[in-house]
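# Examining the three-dimensional arrangement
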Amino acid sequence: MRVGIIGLGYVGLTLAIVAADSGIDVYGIEINPHIRECLENNRAHFFEPGLDELIARHNGKRFHFGEQFPQDIPFDLFIITVGTPLRTGEKLPNFDYIKSALDALQSVYAGSELVILRSTVSVGTTRNVVLPYLSNLCGKLEEELLIGMCPERTVEGKAVEELRTLPQIISGNNGQALAAGRNFFERITPNIVPVSSLEEAELVKLYCNTYRDMAFAIGNAFCLAAQSFGVDGVSAIRNANQGYIRSNIALPGFVAGPCLEKDAYILTFNLPDCPSKDLILRCRKLNESLEDAVVQWVRQRLGPPAPGKVVVLSGMAFKGRPETSDLRGSSSVRIGEKLSKLGYILRLHDYVVHPQDLAALQIGDVYAELSRACEGASLLLILNNHKKYEMLQNELSQLETTADFAVLDVWGVCDRENCIPGMEITTIGNLRMERIGGAS
Ligand SMILES: NC(=O)c1ccc[n+]([C@@H]2O[C@H](COP(=O)([O-])OP(=O)(O)OC[C@H]3O[C@@H](n4cnc5c(N)ncnc54)[C@H](O)[C@@H]3O)[C@@H](O)[C@H]2O)c1
């Protein structure tokens, strides 16, 4: 089986390599020269456990890549895995990359191969945008073509493992397309979930992410409510869940990253006005509001920016567990940008993100060691839940802090019982109480 993949980002590259590892011949195309350069050196352009070893094993054998598809090879199917970000400055989906991916097929697509859309799109995009586009490309009727929508649902940091274990949602515009899609994914995983239509597959993907978004919004809403009563929000949620099987309330925190920041907007983009649309968007906005709450806390705490007031931002990747180097859609980055715009002096640190990528943000000096970053600083903001923050006392054991040094541990990860004596640590559970001058 010969498969062409358009886009070798997180989704395309992990799928390409796991497919190659399952005995499939894969040709991937990628327009970004940096990504191709990394692949020439047998590595991915991002951190993903186990991926580089597999790239080295299959590169030039079952896995091939380039800027364009070779013209002399017959393909059985193509998979589109390009990004579907929101339009800059707007909350509207941008499917320009999908159109450019379809253009990339022009010279190799005969109209008989299955084309699978794997990118996350609004409901109806596969049938109403991709299918007519393909029909135009090859000059065949839409009914003659084979198209599938098979969304990606892996979590960054565990993609290699999950591609082989997660149920794969399969759909097709007819029985033949469905069977061809099934035939491909069954080579990778035994877990196949065929769904009734292209639209159902699009919806399933959007439900999975929006469900998470809304579930986290409940945790954030309850946390805020607790603080209005002068109660620590994290503590109230922990105790509500403690040993009580009917409560599984999410702990409060940022809800971000390249998927969760946009998928609720993609779901509601063409959903007619109705109570569910309103509820979905309110949850998204509540989650987004946490970033401003942190910025406000810093302003309240430090007062206006001044030369001696240094803020350390640690945990710049959008999450710490599983570990990732991904800065896209990260609340930490947006908070950094806002604080930098306000004039605060920032220092940046992350356990996984490459220092060059942190420097490219151009919002602060980059430090490899957390304790060095904190020397002489006024505030440390711990912005993701990386495991190393649990043992903050080890990380900062050599640190001589200033008298007013304080820590905001957004996720409540560090072990406060065993932390450095006298070090003041605030979590998101009492952030707002501090703002209104209450207990913390
Ligand atoms: N990142 C995730 O873990 C994840 C998980 C599930 C679903 N998704 C969805 O999958 C899609 C892809 O996400 P991603 O994170 O891999 O995006 P990405 O931006 O990392 O990867 C897309 C790649 O496609 C390349 N590209 C764009 N146009 C191209 C063209 N015409 N020809 C060749 N290459 C082209 C880009 O340069 C980029 O490297 C999105 O819709 C996303 O929402 C992502």
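Residues numbered from 1 in each chain as written. Predicted model: local features only at pLDDT ≥ 70, side-chain atom pairs only at ≥ 80, totals over all residues. Heavy atoms only, no water.

### Observations concerning the packing of helix 8 (residues 198-228) against helix 9 (residues 233-241)
Two elements in contact, helix 8 and helix 9, have axes separated by 8 Å at closest approach and are oriented at 120 degrees. The orientation of helix 8 with respect to helix 9, classified from their angle, is oblique. Crossing of helix 8 against helix 9: the hand is right-handed. Facing G219, F222, C223, A226 and Q227 of helix 8, the residues of helix 9 in contact are G233, A236 and I237. Here the contact of helix 8 with helix 9 is built from residues that sort into five nonpolar, three polar and no charged. (Axes fitted to C-alpha atoms, helices over the stretch in contact; angles between N-to-C directions. Helix = DSSP H or I, 4+ residues; strand = E, 2+ residues; numbered from the N terminus. Parallel < 35°, antiparallel > 145°, perpendicular 65-115°, else oblique. Left-handed = near helix turned anticlockwise from the far one by under 90°. Contact = heavy atoms within 4.5 Å. Nonpolar A, V, L, I, M, F, W, Y, C, P; charged D, E, K, R; others polar.)

### Some details on the site of the ligand
Taken together, 26 residues surround the ligand, and among them V11, E30, T84, S100 and K262 come closest. At a separation of 2.9 Å, a nitrogen atom of the ligand approaches a polar side-chain atom of E156. Burial of the ligand by the protein chains amounts to 89% of its free accessible area of 830 Å². Listing elements by their share of the shell around the ligand, those giving two or more residues are helix 1 (10-21) and helix 4 (96-104). For the shell around the ligand, the leading source of residues is helix 4, giving three residues. Grouping the constituent residues of the shell around the ligand by class yields ten nonpolar, ten polar and six charged. (Near = heavy atom within 4 Å. Polar contact = N/O pair within 3.5 Å; in protein donor to acceptor, adjacent residues only side chain to side chain. Areas by Shrake-Rupley, 256 points an atom, 1.4 Å probe, with all protein chains shown as cover.)

### Overview of the environment of N32
Locating N32 in the fold gives a position in the loop between strand 2 (25-29) and helix 2 (33-40). Given a relative accessible area of 32%, N32 falls into the partly exposed group. Along the primary structure N32 and E67 are separated by 35 residues, whereas in three dimensions their C-alpha atoms are 8.2 Å apart. (Buried < 20%, exposed > 50% of the residue type's maximum accessible area, 1.4 Å probe, protein only.)

### Concerning helix 4
Along an α-helix, residues three or four positions apart point the same way, because every turn accommodates 3.6 residues. By the burial criterion, the buried members of helix 4 are I98, A101 and L102. Buried positions in helix 4, seen along its axis, are confined to an arc of 100 degrees and lie on one side of it. (Arc of directions from axis to C-beta.)

### Remarks on the packing of aromatic side chains
Applying the stated criterion across every chain yields a total of nine aromatic pairs. With a centroid separation of 5.0 Å and 45 degrees between ring planes, the pair formed by F75 and F78 is classed as tilted. You can call F75 buried: its relative accessible area is 7%. Here the aromatic cluster, defined as three or more aromatic residues joined through ring pairs, consists of Y27, F69, F75 and F78. (Phe/Tyr/Trp six-rings, centres within 6.5 Å; stacked < 30°, edge-to-face > 60°.)

### Thoughts on the sheet that holds strand 9 (residues 310-314)
Backbone hydrogen bonds are what pair the strands of a sheet, in a parallel or an antiparallel way. The parallel open sheet is built from six strands, whose spatial order is 11-10-9-12-13-14. Strand pairing shows two members of the sheet lacking a second neighbour, strand 11 (365-366) and strand 14 (424-427), which therefore form its edges. Sheet topology note: the strand 12 (residues 379-382)/strand 13 (residues 406-409) ladder contains four bridges and is parallel. From the neighbouring strand, L379 faces strand 13, where its bridge partner is A406. (Pairing = 2+ DSSP bridges.)

### What to know about unusual backbone geometry
At the junction of R321 and P322, the peptide bond is cis and its omega measures out at -15 degrees in the coordinates. For P322, the location among the structural elements is in the loop between strand 9 and helix 13 (331-342). Look at N42: it is not a glycine, yet its phi comes out positive at around 60 degrees. Along the chain, N42 falls in the loop between helix 2 and helix 3 (51-58). Its identity as a non-glycine residue notwithstanding, Q362 has a phi of 60 degrees, on the positive side.

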